[in-house]
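Architecture and fold: a report
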Amino acid sequence: MGRRTPSVLIVGSGISGIGAAEKVHKNGFQNIRILEATGRTGGRIRTQKFAKGLAEMGAQWIHGPSPENPVFQLSSQYNLVGPDALREENQKVDVGGHPPDIPVIYSSSGKEINPTLVENVTNLYYEWLEKSRNFTKDTCSPDDSVGSFMRREILRSSKEWNKDVSELNMAILRALLNVECCVSGTHSMDHVALCPFGEYTMFLGLDCTFPKGYESLVNRIKANLPNDTVLLNKPVKRINWNGSFQGNDSNAHPVRVQCEDGDTFVADHVIVTVPLGFLKKHADDFLSPPLPPSKKQAIKKLGFGTMNKILLEFEKPFWDPNTTYIQLVWEGDSPLTESQKDLRKHWVKKLSGFVVLDPPGQLGHVLCGFMAGKESEYMETLSDEEVVSSMTSLLRQFTGNPELPPPISILRSQWHSQPYTGGSYSYVAVGSSGNDIEVLAEPLPKERNAAKPLQVLFAGEATERNFYSTTHGALMSGWREAQRLIDQYPELGAAVRKAKL
Ligand SMILES: Cc1cc2nc3c(=O)[nH]c(=O)nc-3n(C[C@H](O)[C@H](O)[C@H](O)COP(=O)(O)OP(=O)(O)OC[C@H]3O[C@@H](n4cnc5c(N)ncnc54)[C@H](O)[C@@H]3O)c2cc1C
């Protein structure tokens with residue numbers, strides 16, 4: 001590759017792209033540029049003004065804020081999390097993947113359900129969920145899903161239920177599975193593969209938020225980069241590699257990136273951090289020569305679903321000040337029957353519940369509803385007025401108060417319709433496995449030599465086998481690819497260390 005300073009292009013300015021850029025920059029790389037399709041940095045980390053304060057349209061919590069979590073490491077180093085999150089006890093809590101607080105539960109007949117009535121079935125649900133993480137490819141069929149495993153457990157257990165609890169138990173289980181669809185970012189748990197489900201790894205620690213918004217972390221990392229590193233509104237159309245473009249000669253850069261506006265950039269290396277949702281739509285023509293068939297297959301097989309938020313601001317809270325979560329339970333619903341197909345009529349039934357934003361003094365009286373799957377994608381096509389009207393009817397029905405005032409403002413995410421995202425986050429779908437994640441992460445070319453050096457690298461949450469769908473997974477993936485480049489140029493790191501002496 002000669003003695004020229006290596007140039008690195010990064011496609012996408014989410015936390016994986018910004019994180020990769022900062023790491024290579026810290027290790028002596030000087031020629032770095034990030035090309036971002038949209039008019040902002042942060043990608044699926046997006047903080048917006050709403051009500052009295054801020055709201056997160058994408059990532060909201062640091063999942064597992066403990067010392068092993070790189071997002072937590074950085075956030076505490078930069079003083080971006082509150083004192084509770086920094087307490088040692090907080091970092092040792094093992095929530096085991098379920099919410100630590102007892103919710104307020106409303107049913108569709110307008111009654112509040114006493115949580116003790118559903119405690120047994122809720123505990124059973126979490127036991128089954130835990131069990132579903134213990135399978136491997138040797139102990140289950142590759143076609144099996146978390147949803148069908150749960151149904152088998154429900155059917156087995158329900159034989160022992162009295163008639164008077166059975167209906168409520170079924171309705172609660174349906175509601176809990178709706179929550180799980182939000183966690184996995186999928187339409188149905190029937191789409192989530194059972195064997196690799198346990199590969200997803202959780203850190204210890206009670207989830208925490210960012211008082212100044214999740215974007216404060218992205219901005220803080222970005223501040224370590226030279227000012228002109230990020231070019232906004234530069235959607236990349238095609239990446240030519242292996243010198244497959246006109247005007248190239250043997251001493252020139254092996255990679256050229258073409259933007260939709262006609263601009264081109266050449267480089268030694270490109271790190272692609274675009275979401276899996278984007279790759280699914282553009283796998284055939286995003287690279288030239290095209291992606292190898294194994295990578296295209298992995299992109300096709302892995303899951304990428306939609307999970308959206310609906311934020312509602314109220315003049316006054318109708319909930320008790322201690323309420324942290326409101327769970328909605330549709331009477332008569334069951335996890336054993338498919339959800340209704342008429343989205344226009346039934347989309348609201350997929351809403352899993354509302355988190356109460358805290359503290360109200362800073363944020364206002366705000367409920368944040370969560371909804372996954374096709375219903376969530378349908379919601380994106382409606383107007384704000386239609387969503388407010390549906391939410392008002394829903395809350396009036398569940399609280400049993402036909403006079404409940406409507407929310408005074410609304411803000412919602414629409415991740416599925418974003419052309420450069422195409423959904424919310426990835427999961428390991430039935431028919432795929434953790435190996436597909438590894439294949440997606442493999443750099444190109446696969447066989448490398450002096451004539452065919454390392455050129456196209458892949459990062460982003462969907463490339464992290466154990467931490468996909470999270471901000472820390474995304475950051476780890478950016479650091480992983482940055483390290484791959486750093487290892488390629490040991491002399492740059494050595495020069496940085498020498499300069500520091
Ligand atoms: C609603 C929601 C809630 C979430 N909640 C949490 C949570 O509480 N905790 C958590 O840990 N994680 C959460 N996540 C997941 C987390 O936000 C993501 O895993 C993480 O932010 C992904 O970072 P990334 O860098 O991989 O991708 P992104 O942030 O998506 O960055 C990719 C960037 O590439 C750009 N791009 C795409 N195509 C092109 C192109 N052709 N040319 C140039 N640029 C392009 C995009 O515009 C984007 O800016 C949530 C996500 C969503 C959507």
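Everything numeric here is computed off the predicted structure, so don't read it as measured data.

Side note on the state of the cysteines
Structurally, a disulfide amounts to a covalent bond that connects the sulfur atoms of two cysteines. Taken as a whole and judged by the stated rule, the model has one disulfide. Between Cys 140 and Cys 195 runs a disulfide, and the two sulfur atoms are separated by 2.4 Å. Across the disulfide from Cys 140 to Cys 195, rotation about the S-S bond amounts to roughly -135°, and the bridge is consequently left-handed. Here Cys 140, found in the loop between helix H5 (119-132) and helix H6 (146-158), pairs with Cys 195, found in the loop between helix H7 (163-184) and helix H8 (215-222); they are 55 residues apart in sequence, far enough to count as distant. Residue Cys 140 shares its accessibility class with Cys 195, and that shared class is buried. Here Cys 182 is not cross-linked by a disulfide; its sulfur's nearest cysteine counterpart is in Cys 181, at 7.0 Å. What makes Cys 182 buried here is its relative accessible area of 6%.

A short note on the UniProt feature "binding site: substrate" (unreviewed entry) in the protein chain
UniProt feature "binding site: substrate" (unreviewed entry): in the numbering of this structure it lies at Phe 370. Here Phe 370 shows up in strand E17 (residues 365-372). Taking relative accessible area as the criterion, Phe 370 reaches 8% and is therefore assigned buried.

A few points about the site of the ligand
Residues in close proximity to the ligand total 39 residues, the closest being Ser 16, Glu 36, Arg 44, Trp 61 and Val 236. Between the ligand and Ser 16, the relevant distance is 2.7 Å, taken from an oxygen atom to a side-chain nitrogen or oxygen of the residue. Within the contact set of the ligand, an oxygen atom lies 2.7 Å away from a side-chain nitrogen or oxygen of Glu 36. Burial of the ligand by the protein chains amounts to 98% of its free accessible area of 1000 Å². Listing elements by their share of the shell around the ligand, those giving two or more residues are helix H1 (15-26) and helix H16 (471-488). Here the residues of the shell around the ligand sort into 19 nonpolar, 16 polar and four charged.

Some details on the sheet that holds strand E10 (residues 264-267)
The four strands lie next to each other as E10-E9-E8-E12, forming an open sheet whose pairing is mixed. The sheet is open, and its two borders are formed by E10 and strand E12 (287-288), each paired with just one other strand. In this structure, strand E9 (residues 255-259) lies alongside E10, joined through four bridges in antiparallel fashion. For Val 255, the partnering residue across the bridge sits in E10 and is Ala 267.

Topic: the pairing of E17
When you tally the buried positions in E17, you get seven out of eight residues, the bulk of the element. In this structure, strand E14 (residues 307-314) lies alongside E17, joined through eight bridges in antiparallel fashion. Considered in E17, the bridge of Glu 313 is made with Val 366. Where strand E16 (residues 353-356) lies against E17, four bridges are found, and the strand directions are antiparallel. Looking across to E17, one finds that Val 355 is bridged to Cys 368.

Section: the packing of H5 against H6
Following both chains from N to C, one finds H5 and H6 inclined at 135°, their axes separated by 10 Å at the closest point. Judged on the interaxial angle alone, H6 and H5 are oblique. Like other packed secondary-structure pairs, H5 and H6 cross with a definite hand, here right-handed. Across from Leu 124, Tyr 125, Trp 128, Leu 129, Lys 131 and Ser 132 in H5, the residues of H6 making contact are Val 146, Phe 149, Met 150, Glu 153, Ile 154, Arg 156 and Ser 157. Taken together, the residues that form the contact of H5 with H6 break down as eight nonpolar, two polar and three charged.

Section: the side chain of Asp 268
Within the secondary structure layout, Asp 268 lies in the loop between E10 and strand E11 (269-272). Looking at Asp 268, the relative accessible area reads 1%, which means it is buried.

Quick notes on the packing of aromatic side chains
Inspection of the entire model under this criterion finds 13 aromatic pairs. Geometrically, the ring pair formed by Phe 29 and Tyr 489 is edge-to-face, given 5.5 Å between the ring centres and 85° between the ring planes. Residue Phe 29 is found in the loop between H1 and strand E2 (31-35), and its partner Tyr 489 is found in the loop between H16 and helix H17 (490-500); the two are separated by 460 residues along the sequence. In this structure Phe 29 comes out as buried when scored by relative accessible area, which is 1%.

Quick word on the UniProt feature "binding site: FAD" (unreviewed entry) in the protein chain
Those places that UniProt annotates as "binding site: FAD" (unreviewed entry) correspond, in this numbering, to Ser 16, Glu 36, Ala 37 and Val 236. Note on placement: Ala 37 falls in the loop between E2 and strand E3 (47-50). Overall, Ala 37 belongs to the buried group, its relative accessible area being 18%. For Ala 37, the residues in contact, after removing those within four places along its chain, are Asn 233, Lys 234, Pro 235 and Tyr 420. Mapped onto the elements of the fold, Val 236 is located in strand E8 (residues 236-240). Once residues within four sequence positions are removed from consideration, Val 236 is found in contact with Val 11, Leu 35, Val 257, Gln 258, Cys 259, Phe 278 and Phe 286.

A closer look at the pattern of salt bridges
Within the structure shown, the criterion is met by 22 salt bridges. Across the pair Arg 87 and Asp 84 runs a salt bridge, and its minimum N-O distance is 3.6 Å. Judged by relative accessible area, Asp 84 falls into the exposed class, the value being 51%. The closest approach of N and O atoms between Asp 263 and Lys 234, which form a salt bridge, is 2.7 Å. Of this pair, Asp 263 sits in the loop between E9 and E10 while Lys 234 is found in the loop between strand E7 (230-231) and E8, placing the two residues 29 residues apart along the sequence.

Focus on unusual backbone geometry
Looking along the chain, the bond that leaves Asp 358 and enters Pro 359 is cis, with omega of 0°. Note that Pro 359 resides in the loop between E16 and helix H12 (360-363). In this structure, Pro 445 follows Leu 444 across a cis peptide bond, with omega equal to -5°. Tracing the sequence through the fold places Pro 445 in the loop between helix H15 (434-441) and strand E20 (456-458). With phi around 55°, Ala 51 is a residue other than glycine that occupies positive phi space. Mapped onto the secondary structure, Ala 51 falls in the loop between E3 and strand E4 (53-56).

Rules used in this analysis
- Residues numbered from 1 in each chain as written.
- Predicted model: local features only at pLDDT ≥ 70, side-chain atom pairs only at ≥ 80, totals over all residues.
- Heavy atoms only, no water.
- Disulfide = S-S within 2.5 Å.
- Helix = DSSP H or I, 4+ residues; strand = E, 2+ residues; numbered from the N terminus.
- Buried < 20%, exposed > 50% of the residue type's maximum accessible area, 1.4 Å probe, protein only.
- UniProt positions renumbered as here; feature names shortened; annotations may be inferred.
- Near = heavy atom within 4 Å.
- Polar contact = N/O pair within 3.5 Å; in protein donor to acceptor, adjacent residues only side chain to side chain.
- Areas by Shrake-Rupley, 256 points an atom, 1.4 Å probe, with all protein chains shown as cover.
- Nonpolar A, V, L, I, M, F, W, Y, C, P; charged D, E, K, R; others polar.
- Pairing = 2+ DSSP bridges.
- Axes fitted to C-alpha atoms, helices over the stretch in contact; angles between N-to-C directions.
- Parallel < 35°, antiparallel > 145°, perpendicular 65-115°, else oblique.
- Left-handed = near helix turned anticlockwise from the far one by under 90°.
- Contact = heavy atoms within 4.5 Å.
- Phe/Tyr/Trp six-rings, centres within 6.5 Å; stacked < 30°, edge-to-face > 60°.
- Salt bridge = Lys/Arg side-chain N within 4 Å of Asp/Glu carboxyl O.

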